[in-house]
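Residue strings, one per chain:
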Amino acid sequence: MSTIPRPLVARPTRTVPATLLALALLTAGGLALWALGALLLTGSWPAPLQEPMARLGALRLADPAFLAAAAGCAILGIVLLVAALRPGRPRTRAVLGDAVPGTTALPHRDLERRLRARLEQVDGVRSARAAAGPRTVRITVSTVLEDTAPVLAAARRAAHGTIAEIRPVHDPRVLVRARRTS
């Protein structure tokens, strides 16, 4: 048993796309087995497949339609392979980096909520939105004031202060915008 804890900042797998692809391939395979079974039992393709199979049987390997379909399948296979090997974006951010073994992680959603709650307390801010990613935090504050510059400066200070309290291992780039609403 290892004494080093598992990292909490993991990249999510691509479960939903893999499941949908598996269902599509399972359906296609089931239909192909049904058609092949009907061919073996009756000696002819099922009625809905007779015309497509006749056209498919008339194709030559050098036919442009066949080559285009093969190229499309190859490109789709490469895209699916890259998507399977490259995991998704991390949903958490490592915080409180210190010499203690292990990782403390904060989900991006919680960081967004904390920033939104803090920014809505800034004078002049009517509402705030935050979107946290692996490297960047985008913040938009709405104000009813004509001059948005003081509100923007106060919102930047509040955002940087909130992020400094969390002490992320890697400081994100913070982009703050102010929008005037009526």
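Numbering of residues starts from 1 in each chain and follows the order in which that chain's sequence is written. This being a predicted model, a pLDDT of at least 70 is required before a residue's local features are given, and a value of 80 or more before pairs of side-chain atoms are given or counted; all residues contribute to the totals for chains, interfaces and linings. Processing note: side-chain calculations cover all non-hydrogen atoms of the structure and skip hydrogens and water entirely.

What to know about the confidence of the model for the protein chain
Any region with low pLDDT has predicted coordinates that should not be read closely. Just so we agree on the cut-off: Confidence of the prediction at every residue is given by pLDDT, a number between 0 and 100. A run of DSSP states H or I qualifies as a helix once it reaches four residues; a run of E qualifies as a strand once it reaches two. Both are numbered from the N-terminal end.
Of the residues in the protein chain, 89% have a pLDDT of 70 or more, and the chain-wide mean is 81. For the protein chain, per-element mean pLDDT is lowest for strand β1 (residues 92–95), which scores 75, and highest for strand β4 (residues 136–143), which scores 90.

Looking at the sheet that holds strand β3 (residues 125–132)
Test applied: Should DSSP find at least two bridges between two strands, the strands are regarded as paired. Interaxial angle, 0 to 180 degrees, is taken between N-to-C directions of lines fitted to C-alpha atoms, where a helix line uses only the stretch in contact.
The three strands are arranged β3-β4-β5 in an open sheet whose pairing can be described as mixed. With partners counted over all chains shown, the strands left at the sheet margins are β3 and β5 (173–180), one partner each. Direction aside, neighbouring strands of the sheet carry axes that sit 15° apart on average. Bridge count for β3 against β4 is seven bridges, and the pairing is antiparallel. Opposite Ala128, over in β4, you have Val141 as the bridge partner.

Here we look at the packing of helix α4 (residues 108–119) against helix α5 (residues 149–166)
Selection criterion: In this scheme, roughly parallel covers angles under 35 degrees and roughly antiparallel covers those over 145, while 65 to 115 is roughly perpendicular and the rest are oblique. Definitions for this section: a left-handed crossing has its near helix turned counterclockwise from the far helix by less than a right angle. A right-handed crossing has that turn clockwise. Whether two residues are in contact is decided by their heavy atoms: any pair within 4.5 Å suffices. When residues are sorted by character, Ala, Val, Leu, Ile, Met, Phe, Trp, Tyr, Cys and Pro go into the nonpolar class, Asp, Glu, Lys and Arg into the charged class, and all the rest, Gly among them, into the polar class.
Between α4 and α5, whose axes approach to 10 Å, the crossing angle comes to 140°. What the angle tells us is that α4 and α5 run oblique. The hand of the α4/α5 crossing is right-handed. Taken together, the residues of α5 that come into contact with α4 (itself represented by Leu111, Arg114, Leu115, Arg118 and Leu119) are Ala155, Ala158, Ala159, Thr162, Ile163, Glu165 and Ile166. By residue class, the composition of the contact of α4 with α5 is eight nonpolar, one polar and three charged.

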